[in-house]
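Single-letter residue listing:
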Amino acid sequence: MSTIGISESEFRALRDLIRERFGIYYDDTKQFLLQSRLQTRLLKARVADFAEYQRFLVASPDREAEWAELASVLSNNETYFFRERAQLDVLVTDVLDETLRSGGRLRVWSSACSTGEEPYTIAMMLTQAHRINPSSVTIHATDLSPRALDKATTGFYRELSFRATPVEMVQRYFRAFEGGFFINDEIKRMVSFSRMNLLDAKAVAAMGIHDAIFCRNVLIYFDKPTQKRVVEAFAQALRPGGFLFLGHAESIMRITDLYEPVVTPKAIYYRRK
Ligand SMILES: C[S@@+](CC[C@H](N)C(=O)[O-])C[C@H]1O[C@@H](n2cnc3c(N)ncnc32)[C@H](O)[C@@H]1O
């Protein structure tokens with residue numbers, strides 16, 4: 001199969017469309033990454049080149065289905081259970097303490113959940129903590145990629161997903177099956193998955209109010225104005241004092257003043273003012 005080349009002007013036009021739609025930003029160094037990620041899409045869409053593909057995305061009656069496919073192709077879904085554990089410890093201590101004091105439900109949102117390892121880890125840790133009845137916990141998990149969400153709802157994982165998982169957690173919350181493991185039903189039932197684009201401020205506001213939002217390792221793919229837009233929209237979905245957890249390479253300190261940073265020896269996170 002020969003490669004269809006992308007010209008500089010085609011690259012710029014397509015990456016602007018993608019940024020506008022999903023926030024994911026391909027800077028000038030990523031021209032060939034985009035070219036290679038889109039090769040199979042051009043074939044499936046039966047278009048001859050990138051200029052025609054761009055017109056397809058803008059004007060074809062089938063464009064929405066194609067955008068859904070693109071969402072799965074363009075994103076990096078790298079994730080694993082118990083990633084950046086120190087923040088998860090804050091969830092089962094500080095966040096949970098406040099919820100128990102107020103006597104309410106604990107509402108958590110994993111907002112770029114990829115294939116599900118993050119929200120299932122949250123469910124495992126809350127169950128393991130034995131401090132709150134799982135029926136008093138709501139865990140929403142959303143992502144842009146339909147393919148990642150399919151995998152999350154199937155709940156079947158292989159070795160790489162377990163690179164930071166304590167053995168006793170595997171024994172307790174998974175069952176082995178043909179070279180991998182299924183998450184058990186008790187944990188699965190605690191998480192509800194749905195598709196959501198973080199740039200859709202109306203959808204974010206409609207999520208309801210949460211005590212904690214996890215938005216880890218996704219803002220790095222967005223430019224600064226988009227990062228600002230997303231974290232400011234989260235303020236609609238967090239109670240005052242609510243917790244926002246970002247990835248360790250992500251910071252919003254100079255981006256918005258709606259949040260107060262909290263720096264502890266092990267973890268950094270933000271609280272809604
Ligand atoms: C690297 S994964 C992070 C998974 C998990 N939060 C973690 O830290 O391990 C990034 C996820 O962000 C999702 N994503 C990218 N752009 C998005 C958007 N505009 N709305 C919602 N999710 C998005 C991707 O589909 C991908 O699954």
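First, a word on scope: everything that follows refers to the structure included in this document. In this text, all values refer to a predicted model and were calculated from it rather than measured experimentally.

So, how was this worked out
- Residues numbered from 1 in each chain as written.
- Predicted model: local features only at pLDDT ≥ 70, side-chain atom pairs only at ≥ 80, totals over all residues.
- Heavy atoms only, no water.
- Pairing = 2+ DSSP bridges.
- Helix = DSSP H or I, 4+ residues; strand = E, 2+ residues; numbered from the N terminus.
- Axes fitted to C-alpha atoms, helices over the stretch in contact; angles between N-to-C directions.
- Contact = heavy atoms within 4.5 Å.
- Near = heavy atom within 4 Å.
- Polar contact = N/O pair within 3.5 Å; in protein donor to acceptor, adjacent residues only side chain to side chain.
- Areas by Shrake-Rupley, 256 points an atom, 1.4 Å probe, with all protein chains shown as cover.
- Nonpolar A, V, L, I, M, F, W, Y, C, P; charged D, E, K, R; others polar.

1. Some points on the sheet that holds strand 2 (residues 137–143)
The mixed open sheet is built from seven strands, whose spatial order is 6-2-1-7-8-10-9. Each edge of the open sheet is held by one strand with a lone partner, namely strand 6 (191–195) and strand 9 (259–263). Between one strand and the next, the sheet's axes are offset by a mean angle of 20°, whatever the strand orientation. Strand direction decides the pairing type here: strand 1 (residues 106–110) and strand 2, joined by five bridges, are parallel. In the strand pairing of strand 2, Ser-110 is matched with Ala-141. Helix 6 (residues 117–129) rests against strand 1, strand 2, strand 6 and strand 7 (210–215) of the sheet, and its axis sits at about 165° to strand 2.

2. Observations regarding the site of the ligand
Surrounding the ligand, one finds 21 residues, the nearest of these being Phe-22, Thr-79, Arg-83, Asp-143 and Asn-217. Between the ligand and the protein, one listed contact pairs a nitrogen atom with a backbone N or O atom of Leu-144 at 3.3 Å. In this structure, Leu-198 approaches the ligand through a main-chain N or O atom, which is 2.9 Å from a nitrogen atom. Notes on the ligand: free accessible area 600 Å², of which the protein chains cover 99%. Partitioned by chemical class, the residues of the shell around the ligand number eight nonpolar, eight polar and five charged.

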